[in-house]
Amino acid sequence: MKLGNDGKVTTDGQKVIHSEALSLSVKARQRRQWLWLIAISIMLAALGCFNLYRTYRNETGQEESRIRTQAHVIAQNMEHQISTSDTVLKEIIQDIVFLRRPDQHDQTRKRMQVLVSALSGVRTIFFTDSKGTVQVCSRPELEGQDFSYRDYYKTPKSTGKPELLYISTPFKTVLGVYVMNLTRIITKADGSFDGVVTAAINPEYFKVLLSSVLYAPDMITTINHYDGIRFLISPHREGQIGKNIAVPGSMFTRHKQSGRRENLLTDIGYATGEHRTMSLITLNIVNLPMDKPPVIIAGRKREEITAHWRVEATWQTAAFFTAFLIFSYSLWRYQIREVEKARVRKELSELRQKFVDIFEFLPDATLVVDNDKKVVAWNRAMEELSGVPKSEMLGKGNYAYTVPFYGEARSNLLDLLDLDDQELASRYSQVRRTGSGLAAETFCPALHNGAGAHIWAVVALLHDAEGQKAGAIEAIRDISEAKRMESELLEANKRLEKMARIDELTGIYNRRMFLELLQAELAISCRYNTPVSLIMLDIDHFKKINDTLGHNMGDHVLQELARLVSSRIRTHDIFGRWGGEEFMVLVPQNDLEQAIQLAEILRELIASHDFGNGLRVTASLGVTGYIYEEPTESLVERADTAMYQAKNNGRNRVEVR
């Protein structure tokens, strides 16, 4: 028994009870801390599982989208090749009577060879008579052969539907090449069957196409006939070419039975025996009915698609248990760490003050937000640019910091930091990644009292001492003056570009531009064997107008004549000033007789027009037609000769050369 300082008597038993009470209090507090740790761990584990599930859905979804995209690339390319080939087949059918003439066979064969060279997706073009015998072919060695036993001849003949484009089942040609044919029916005037015109698909071209979209070693791409016969596969696999995959329960059969153009299916592939996710697309071309359109298939192994996620799941699980052990140990060391934390807090406070001083000194308008997008820093330059003082903005959330820039609360560059490079490039082409941050140029209509300003913005994530995301920082610079100078330079360049191709006085093409367009039209004429004519026009006694009425009136006459001719010719005719009072009119798709008629119309139009104050003007015109593969200079020289012949024969007339 002892006397305490307060005069009260305490016993040793009471001290033990008090010590035990304190011990129980500590243990209770420690127990609560452990319970809190366990509860938080369970919550984090749940969040981690949810995040892994979301990541799984995102990664598989992105990969499935990418597979669909690659399948679409193949489908769109093949649809384009089929559509272009069908146009060629229709043109041949349109000219078939002429092309079948024996004296035209050589020229027809050359035409087909040119078409095959131009159509990278086509290997061979030919047409047959009504009995299936090849008449003319881009490969002469096939002419005269009887292909009446081929599917691409028998099927069109038996069904007799000229409106269909027939797609044959894959087969090996007499030249030993595995192909599919695109076929259309040739009919007589009474609508009866008169043979077929067919184009063989070039397998080498489509092998390259299939290989070009492969982005993973396990990925395969295939082209298949609608009946299920495999035409091509990349990368090559033995036994796959010619295999029939239209078996009950296969992904191919399920795709056809669905009636949909496109499906994304995951299952064991019948042809490969592998668990795969496959995108299946049936080709569908607008206004081009096909009897059995090809089916594009692209896909990857499911285990490879989820490989990254499984590694991520393993890593996150390991990270979770590692963190749990670390936190358990940290809890045991709690009291010791409290002292260390106090020291760290002091140092952080000092560092924060240094950061604030540097932040306020930055010349660019800069703001910082936390993870909740609330403003935690707003420097002096930002106050000057936005017109909003720091005191009104700190602590504000819900995109309040965007109102001074856009006049309303809205998302901005900070919201794109978490996007990966692929999604960023596909959705926001104007944003580029700079290291670990993003940069973009935009226009802010609310700045400078509503006058608006162009700005350059750079954003980056901020992290705490543990490397966890702590918020983001954005720096903004007003580049309105630079944009103004850039706009002025662009306008100047546009004016220079226009001066390089447009005659300044008349507003029509100048000689240089006319020559470029002339050469382009002549190339088209050579390729498609279409007519094209040239009219050269010269104003009669123009020098007299300048000498007696002045150059201003002369300029007016040139401008008025340009307006008259432009108003009368077709939109696809090409009209240009050749020099002085000479003009050129290029008339595509018109033979010489049609061009002569147009020249007479233009001559009468000019002669009957009042050019002001009763002034009448006439013109002499020379007309000529383009001769296949002749030099441009020869065509222009003949038009010039014809024009001068009109001058010499009394003016105000049309001469032909």
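Criteria and cut-off values
- Residues numbered from 1 in each chain as written.
- Predicted model: local features only at pLDDT ≥ 70, side-chain atom pairs only at ≥ 80, totals over all residues.
- Heavy atoms only, no water.
- Helix = DSSP H or I, 4+ residues; strand = E, 2+ residues; numbered from the N terminus.
- Rg over C-alpha atoms; globule rule 2.2 N^0.38 Å.
- Buried < 20%, exposed > 50% of the residue type's maximum accessible area, 1.4 Å probe, protein only.
- Contact = heavy atoms within 4.5 Å.
- Areas by Shrake-Rupley, 256 points an atom, 1.4 Å probe, with all protein chains shown as cover.
- Lys, Arg positive; Asp, Glu negative; His and termini not counted.
- Charge placed at Lys NZ, Arg CZ, Asp CG, Glu CD.
- Core = buried A, V, L, I, M, F, W, Y, C linked by side-chain atoms within 4.5 Å.
- Salt bridge = Lys/Arg side-chain N within 4 Å of Asp/Glu carboxyl O.
- Phe/Tyr/Trp six-rings, centres within 6.5 Å; stacked < 30°, edge-to-face > 60°.
- Lys NZ or Arg CZ within 6 Å of the ring centre and 35° of its normal.
- Pairing = 2+ DSSP bridges.
- Axes fitted to C-alpha atoms, helices over the stretch in contact; angles between N-to-C directions.
- Arc of directions from axis to C-beta.
- Patch = residues over 30% accessible without salt bridge, like charges linked within 9 Å, V, L, I, M, F, W, Y side chains within 5 Å.
- Parallel < 35°, antiparallel > 145°, perpendicular 65-115°, else oblique.
- pLDDT = per-residue confidence, 0-100.

A.B. asks: Tell me about the overall build of the protein chain, residues and numbers included.
C.D. replies: When its secondary structure is counted, the protein chain shows 19 helices and 25 strands. Here the protein chain has a C-alpha radius of gyration of 40 Å; the compact-globule value for 657 residues is 26 Å, and the former is much larger. With the C-alpha coordinates aligned to their principal axes, the bounding extent of the protein chain is approximately 150 × 80 × 30 Å. Put simply, the protein chain has 657 residues, and 40% of those count as buried. Put simply, of all contacts in the protein chain between residues at least 6 apart along the chain, 54% involve residues at least 24 apart. For the protein chain, the accessible surface area stands at approximately 36300 Å², while carbon and sulfur atoms represent 54% of it. Charge centroids of the protein chain, computed over 82 positive and 82 negative side chains, lie 7 Å from each other.

A.B. asks: For the nonpolar core, give the residues involved together with the corresponding values.
C.D. replies: Generally speaking, a soluble globular protein has its nonpolar side chains buried in company with each other. Grouped together as the largest cluster of nonpolar side chains are 44 residues, with contacts concentrated most on M78, I82, I92, I125, F127, L165 and I223. In terms of residues, this core owes the most to one element, helix α1 (residues 12–94), which gives 9 residues.

A.B. asks: Requested: an account of the pattern of salt bridges, with residues and values cited.
C.D. replies: For the coordinates displayed, the defined rule picks out 30 salt bridges. The partner of K390 in a salt bridge is E360, with the nearest N and O atoms 2.8 Å apart. With K390 in helix α11 (residues 390–393) and E360 in helix α9 (residues 334–361), this pair connects stretches of sequence that are 30 residues apart. For K390, a relative accessible area of 27% translates into the label partly exposed. Linking R570 and D573 is a salt bridge whose minimum nitrogen-to-oxygen distance equals 2.6 Å.

A.B. asks: Can you break down the packing of aromatic side chains residue by residue, with the values?
C.D. replies: Both the distance between ring centres and the angle between the ring planes are used here to describe each pair of aromatic rings. What the rule picks out here adds up to 14 aromatic pairs. Plain terms: the ring middles of Y56 and W309 are 5.1 Å apart, the flat faces sit at 70 degrees to each other, and that makes the pair edge-to-face. Of the two residues, Y56 is situated in helix α1 and W309 in helix α8 (residues 307–332); the sequence distance between them amounts to 253 residues. Take Y56: its relative accessible area is 28%, and that puts it in the partly exposed class. Plain terms: the ring middles of F514 and W578 are 6.2 Å apart, the flat faces sit at 85 degrees to each other, and that makes the pair edge-to-face. With F514 in helix α15 (residues 511–528) and W578 in strand β22 (residues 574–579), the pair connects residues that are 64 residues apart, well separated along the chain. With respect to burial, F514 and W578 carry one shared label: buried. Within the aromatic cluster, the residues linked to one another by ring pairs are F126, F147, Y149, Y152 and F171. Directly above the aromatic system of Y226 lies the positively charged group of K256, at a separation of 4.3 Å from the ring centroid. One Lys or Arg, R511, reaches over the ring of W578 and ends 3.9 Å from the middle of that ring.

A.B. asks: Break down the sheet that holds strand β20 (residues 469–478) for me, citing the residues and quoting the values.
C.D. replies: Sheet architecture is open: 6 strands sit in the order β16-β15-β20-β19-β18-β17, paired in antiparallel fashion. Both edges of this open sheet fall to β16 (375–378) and β17 (431–434), since each of them pairs with a single strand only. Adjacent strand axes in the sheet meet at a mean angle of 25 degrees when their direction is disregarded. Where strand β15 (residues 365–369) meets β16, 3 bridges bridge the pair, whose relative direction is antiparallel. Considered in β16, the bridge of V368 is made with A377.

A.B. asks: Please provide a residue-by-residue account of the sheet that holds strand β10 (residues 220–224), values included.
C.D. replies: Strands sit in the order β11-β10-β14-β13-β12 across an open sheet of 5 strands; the sheet is antiparallel. For this open sheet the edge positions go to β11 (230–234) and β12 (262–268), each flanked by a neighbour on one side alone. The mean inter-strand angle of the sheet, taken between neighbouring strand axes irrespective of direction, is 20 degrees. Across 5 bridges, β10 lies against strand β14 (residues 295–301) in antiparallel orientation. In the sheet register, I220 faces β14, and the bridge partner there is G299. Sheet contacts for helix α5 (residues 203–212): β10 and β11; angle to β11, the most-contacted strand, approximately 45 degrees. In this fold helix α6 (residues 251–258) packs onto β10, β12, β13 (275–282) and β14, with an angle of close to 150 degrees to the strand it touches most, β12.

A.B. asks: For helix α16 (residues 542–549), give the residues involved together with the corresponding values.
C.D. replies: Looking only at α16, the buried set comprises F542, I545 and N546. Along the axis of α16, the buried residues cluster in a sector spanning 95 degrees; they form a single face. Among the exposed residues of α16, those oriented more than 90 degrees off its buried face are K543, K544, D547 and T548. Looking at the packing, one finds that the buried side of α16 touches β21 (532–539) and α17 (551–568). G550 sits one or two residues past α16 and shows a positive phi near 100 degrees.

A.B. asks: How would you summarise a nonpolar patch on the surface if you had to cite specific residues and measurements?
C.D. replies: Together, W36, I40, M43, L44 and L47 make up a nonpolar patch on the protein surface, roughly 530 Å² of accessible area in all. Relative to the elements of secondary structure, L47 occurs in helix α1. Judged by relative accessible area, which is 47%, L47 ranks as partly exposed.

A.B. asks: Please provide a residue-by-residue account of the pairing of β14, values included.
C.D. replies: For β14, a buried count of 6 out of 7 residues is recorded, marking the element as mostly surrounded by other parts of the structure. Where β13 lies against β14, 7 bridges are found, and the strand directions are antiparallel. When the bridges of β14 are listed, R276 appears paired with K301.

A.B. asks: Describe the packing of α16 against α17, and please don't skip the residues or the numbers.
C.D. replies: At a closest axis distance of 6 Å, the pairing of α16 and α17 adopts a crossing angle of 140 degrees. By the criterion of interaxial angle, the relationship of α16 to α17 is oblique. Along its contact with α16, which presents F542, I545, N546 and L549, the element α17 presents H551, M553, G554, V557 and L558.

A.B. asks: Got a sec to walk through the environment of L175? Specific residues and values, please.
C.D. replies: Among the structural elements, L175 can be located in the loop between β6 (171–172) and β7 (178–179). For L175, a relative accessible area of 38% gives the class partly exposed. Sequence-distant contacts of L175, that is, excluding residues within four places in its chain, are made with R123, R139, E141 and L142.

A.B. asks: Explain the confidence of the model for the protein chain residue by residue, including any values.
C.D. replies: Atomic detail in the predicted coordinates should be set aside for any region of low pLDDT. When pLDDT is averaged along the protein chain, the result is 88, and 93% of the positions lie at 70 or above. Considering only residues more than four positions removed or in separate chains, one finds that residues 1–12, a stretch of pLDDT under 50, has 8 contacts.

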